[in-house]
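A closer look at the structure
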Amino acid sequence: MILVSAFTEELDAATRAAIIEICVAAHQEEDFRNLFAYVSSGGWHFLAWSGEQLLSHALVTTRWLQPEGHQLLKTAYVDAVASLPAGQGRGFGSAVLRYLADQVAQDYDIACLETERTAFYERLGWERWRGPLAGRSDQGLIPTPEQSGIMILRLPQTPVIDLTTLLTIECQPGRIW
Ligand SMILES: CC(C)(COP(=O)(O)OP(=O)(O)OC[C@H]1O[C@@H](n2cnc3c(N)ncnc32)[C@H](O)[C@@H]1OP(=O)(O)O)[C@@H](O)C(=O)NCCC(=O)NCCS
C-alpha cells in the first residue's frame, strides 16, 4: 500500500473517477458522483493505493470552527472517507486517517468531521463534541440540535478546549455540518 496526497486541481480524470467509484460503493450514495462539482478546487485528497487500485480515500477542505470563547480555528474538515468495500477491515482507512492527521498538523488548528462510525474514529484519537452545535450565518447563529456524530481531532496547535461548550461552524451553501 502506498499513501499519497494531492490537491483537487492535481487529480487526473482516472483518479477522480476512482475516488467517485470508491465513495459511491462504500456509502451506497449516488450523490458522490457530484463530488467534484461540490469541491472543484481547494480540496486536499488523501489516498491509499495498491498499484492501480484505489483502496481508501479521505478529503480535507478548509473550514472555520469556533468553540465558545475562542477565536476562529483553521479547520481541516474531513469528508468522503471511503474504503473499497472488498478491502474494508484491513487497516487501509485507519492508515489514510493517520496519514491525514500527520499531514494537516502543521497547517491547521484542529480537524473535524461528521460520522455515524464514532467508535472507528475514537480508536484513532478523535473525540465526540458533546456540547451544543450551531452554524454561523449572516443572520446569526442557526442551532443544529438534531446534528449528531460531530467529532474533532486535537492537533499540536489546538488550544485547550472544552468539548461541552458551544461549537459553531460557518454555514456553507446547502449545508451546515
Ligand atoms: C469507515 C471506513 C472508511 C473504514 O475503512 P476501513 O479501510 O475498513 O478501515 P480499517 O480497516 O482501518 O478499520 C475498520 C475496522 O477494521 C479493524 N481493523 C483494522 N485493521 C485490521 C486488521 N488488520 N485486522 C482486523 N481488523 C482490523 C479496525 O479496528 C476497525 O474496526 P472498527 O470499525 O470496529 O473501528 C469504511 O468502512 C467505509 O468506507 N465505510 C463506508 C462509508 C463510511 O461509513 N464512511 C465513514 C463515515 S463518515
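All of the points below concern the structure found in this document. (Residues numbered from 1 in each chain as written. Predicted model: local features only at pLDDT ≥ 70, side-chain atom pairs only at ≥ 80, totals over all residues. Heavy atoms only, no water.)

Regarding the site of the ligand
- Surveying the vicinity of the ligand reveals 18 residues, the closest of which are Ser83, Gly91, Ser94, Arg117 and Arg123.
- Here Gly93 contributes a backbone N or O atom positioned 2.8 Å from an oxygen atom of the ligand.
- For the ligand, an oxygen atom lies 2.5 Å from a polar atom in the side chain of Ser94.
- Considering the ligand on its own, with 920 Å² of exposed area, one finds that the protein chains cover 67% of that surface.
- Only α1 (13-27), β4 (73-83), α3 (92-104) and α4 (118-122) provide two or more residues apiece to the shell around the ligand.
- Here the residues of the shell around the ligand sort into 6 nonpolar, 8 polar and 4 charged. (Near = heavy atom within 4 Å. Polar contact = N/O pair within 3.5 Å; in protein donor to acceptor, adjacent residues only side chain to side chain. Areas by Shrake-Rupley, 256 points an atom, 1.4 Å probe, with all protein chains shown as cover. Helix = DSSP H or I, 4+ residues; strand = E, 2+ residues; numbered from the N terminus. Nonpolar A, V, L, I, M, F, W, Y, C, P; charged D, E, K, R; others polar.)

Brief notes about the environment of Gly89
- As for its placement among the helices and strands, Gly89 is situated in the loop between β4 and α3.
- Take Gly89: its relative accessible area is 85%, and that puts it in the exposed class. (Buried < 20%, exposed > 50% of the residue type's maximum accessible area, 1.4 Å probe, protein only.)

Let's talk about the packing of aromatic side chains
- By the definition in use, this model includes 5 aromatic pairs.
- Aromatic pair Trp44 and Phe46: ring centres 5.0 Å apart, planes at 45 degrees, arrangement tilted.
- Relative accessible area serves as the criterion here: at 0%, Phe46 is assigned to the buried category.
- Ring geometry for Tyr121 against Trp126: centres 6.0 Å apart, planes inclined by 75 degrees, an arrangement best described as edge-to-face. Grouping residues by exposure puts Tyr121 and Trp126 together as buried.
- Ring-pair connections join several aromatic residues into one group, and the members of that group are Phe7, Trp44, Phe46 and Tyr99.
- Here Lys74 stacks its cationic end above the ring of Tyr108, 4.9 Å away from the centre of that ring.
- Positioned above the aromatic ring of Phe120 is the side chain of Arg117, whose terminal nitrogen or guanidinium carbon lies 5.6 Å from the ring centre. (Phe/Tyr/Trp six-rings, centres within 6.5 Å; stacked < 30°, edge-to-face > 60°. Lys NZ or Arg CZ within 6 Å of the ring centre and 35° of its normal.)

Focus: the environment of Glu21
- Turning to its location among the elements, Glu21 is positioned in helix α1.
- The class of Glu21 is partly exposed, set by a relative accessible area of 42%.
- For the pair Glu21 and Pro145, spaced 124 residues apart in sequence, the C-alpha to C-alpha distance is 32 Å.

Concerning the pairing of β4
- Most of β4 sits out of view: 9 of its 11 residues are buried.
- Looking at chain direction, strand β3 (residues 53-67) and β4 are connected through 9 bridges and run antiparallel. Note on β4: the bridge partner recorded for Leu59 is Asp79.
- The loop that links β3 with its antiparallel partner β4 comprises 5 residues; one of these, Gly69, has a positive phi angle of about 85 degrees.
- Handedness of the crossover is the feature at issue here: the chain leaves β4, passes through α3, returns alongside strand β5 (residues 110-114), and the resulting connection is right-handed. (Pairing = 2+ DSSP bridges. Right-handed = clockwise from strand over helix to strand, strands pointing away.)

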